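Okay, here's what each chain looks like letter by letter:
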Amino acid sequence: MASSAFAQKTERDYLRSGNKLYNDSLFIKAEVDYRKALEINPKSTDAMFNLGNSLLMQQKAKEAMEQFESASKVEKDKDKLAQIYHNMGVILQSSKQYPQCIEAYKESLRNNPKDDETRYNLALAQKLLKDQQQNQTRIRIRIQDTKTKIRKNDKRSTEQNQNDNERKK
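It should be emphasised that the depicted structure is a prediction, and the values quoted were computed from it without experimental measurement. Each residue is numbered by its place in its chain's sequence as written, counting from 1. In keeping with the model being predicted, local features are shown solely for residues with a pLDDT of at least 70 and side-chain atom pairs are shown and tallied solely at 80 or more, while totals for entire chains, interfaces and linings include all residues. Hydrogen atoms and water are omitted, and side-chain values are computed over all heavy atoms in the structure.

## Digging into the overall build of the protein
Turning to step 1, where the next piece is worked out: What the protein contains, in helices and strands, is eight helices and zero strands.
Turning to step 2, where the next piece is worked out: Comment: elements are numbered from the N terminus, with helices defined as DSSP H or I runs of at least four residues and strands as E runs of at least two. Shown N-terminal to C-terminal, the secondary structure of the protein runs as helices and strands in the order α-α-α-α-α-α-α-α.
Turning to step 3, where the next piece is worked out: Here the radius of gyration uses the C-alpha set of atoms, whereas the globule reference equals 2.2 Å times the residue count to the power 0.38. Taking 15 Å as the expected radius of gyration for a compact globule of 169 residues, we find that the protein reaches 28 Å, considerably beyond that expectation.
Turning to step 4, where the next piece is worked out: Projected onto its principal axes, the C-alpha coordinates of the protein cover approximately 110 × 35 × 25 Å.
Turning to step 5, where the next piece is worked out: Any residue under 20% of the maximum accessible area for its type is buried, any over 50% is exposed, and the rest in between are partly exposed; the area is computed with a 1.4 Å probe on protein chains only. Taken across its 169 residues, the protein has 33% of its residues classed as buried.
Turning to step 6, where the next piece is worked out: Taking the contacts inside the protein whose residues are at least 6 apart along the sequence as the reference set, 44% of them involve residues at least 24 apart. Between two residues, a contact is recorded if the distance between any of their heavy atoms is within 4.5 Å.

## Overview of the environment of Gln93
Turning to step 1, where the next piece is worked out: By secondary structure assignment, the location of Gln93 is in helix H6 (residues 78-94).
Turning to step 2, where the next piece is worked out: Distance in space between the C-alpha atoms of Gln93 and Leu124 is 9.4 Å, their sequence separation being 31 residues.
Turning to step 3, where the next piece is worked out: Here Gln93 is in contact with Tyr98, Cys101, Tyr105, Asn121, Leu124, Ala125 and Leu128, once residues within four sequence places are set aside.

## A look at the pattern of salt bridges
Turning to step 1, where the next piece is worked out: Between Lys or Arg on one side and Asp or Glu on the other, a salt bridge is scored when a side-chain nitrogen of the former is within 4 Å of a carboxyl oxygen of the latter. Enumeration according to the criterion identifies 10 salt bridges in this entry.
Turning to step 2, where the next piece is worked out: Where Lys60 meets Glu31, a salt bridge forms, and the shortest distance between an N and an O atom there is 3.9 Å. Taken together, the positions of Lys60 in the loop between helix H4 (45-57) and helix H5 (61-74) and Glu31 in helix H3 (residues 27-40) put the pair 29 residues apart, joining distant regions of the chain.
Turning to step 3, where the next piece is worked out: A relative accessible area of 29% places Lys60 in the partly exposed class.
Turning to step 4, where the next piece is worked out: Given a relative accessible area of 10%, Glu31 falls into the buried group.
Turning to step 5, where the next piece is worked out: Here the salt bridges do not stand alone but share partners, grouping Glu31, Arg35, Lys60 and Glu63 into one network.

## Points about the confidence of the model for the protein
Turning to step 1, where the next piece is worked out: For the protein, the mean per-residue pLDDT works out to 90, and 92% of the residues sit at or above 70.
Turning to step 2, where the next piece is worked out: The predictor's confidence in any single residue is recorded as pLDDT, a number from 0 to 100. When the elements of the protein are averaged for pLDDT, helix H1 (residues 2-7) gives the smallest value, 52, and helix H7 (residues 98-111) the largest, 98.

## Quick notes on the side chain of Thr45
Turning to step 1, where the next piece is worked out: For Thr45, the location among the structural elements is in helix H4.
Turning to step 2, where the next piece is worked out: Accessibility expressed as a relative area gives 12% for Thr45, which makes it buried.
Turning to step 3, where the next piece is worked out: In terms of polar contacts, Thr45 uses its side chain to reach the side chain of Glu75, at 2.4 Å.
Turning to step 4, where the next piece is worked out: When sequence neighbours within four positions are dropped, the list of residues in contact with Thr45 reads Ala71, Val74 and Glu75. Under this definition, polar contacts are N or O atom pairs within 3.5 Å; protein pairs additionally need one hydrogen-donor-capable and one acceptor-capable atom, and for neighbouring residues in sequence, both atoms have to be side-chain atoms.

## A closer look at the side chain of Ser44
Turning to step 1, where the next piece is worked out: Along the polypeptide, Ser44 turns up in the loop between H3 and H4.
Turning to step 2, where the next piece is worked out: Every residue in contact with Ser44, bar those within four places of it in the chain, is listed here: Glu11, Leu15 and Leu38.

## Digging into H3
Turning to step 1, where the next piece is worked out: Taking 1.5 Å of rise per residue, 14 residues should cover 20 Å, and H3 covers 20 Å from first to last C-alpha, within 8% of that figure.
Turning to step 2, where the next piece is worked out: Among all positions in H3, only Phe27, Ala30, Glu31, Asp33, Tyr34, Ala37 and Leu38 are buried. The buried residues of H3 all sit within an arc of 165° when viewed along its axis, so they share a single face. Projecting away from the buried face of H3 at angles above 90 degrees are the exposed residues Ile28, Lys29 and Glu39.
Turning to step 3, where the next piece is worked out: Looking at the buried side of H3, the elements it contacts are helix H2 (11-23), H4 and H5. Expected helix span is taken as 1.5 Å per residue step, with the number of steps being one fewer than the number of residues. Taken from the helix axis, the directions to the C-beta atoms give the arc we talk about.

## What to know about the environment of Gly18
Turning to step 1, where the next piece is worked out: Relative to the helices and strands, Gly18 is located in helix H2.
Turning to step 2, where the next piece is worked out: Linking Gly18 and Lys36, residues 18 residues apart in sequence, is a C-alpha distance of 9.5 Å.
Turning to step 3, where the next piece is worked out: In this view, Gly18 contacts Ala30, Asp33 and Tyr34; residues no more than four positions away in its chain are not counted.

What follows is the structure, encoded as structure tokens:
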């Protein structure tokens, strides 16, 4: 009976196993181990973060974001928080949610001001937001121009029809 207690895997064992599988690009199997680690310790921010990363590698951005958000609410270590918010920023940037993305990168930098990769991503996201806003403005202007042309054409057409009708009389 005592030997079975030693045979049980710990949270740390599942994290190590998941990390090895993750490093071998076996993301689905790594996900399973990270979930097992969370079953043992539901507040394990390492398991949440690593699970988020494995989900991200499987193109499951929404599920990954949920893991990162959960980890951000529990984690106290500033360096780990910076990584969590950085990854949240990456997901938001890939889905073109630039205002939220920028906030995530800023939060990451508040926790680790020395992170040059996050600083670069923040600058890129700010540029992408500006470009997006400029494109939206250009589109609105084109739509207005098109509406104005249509109104002018309708007015000319109406005037032409009236002139034609008056000539027929």
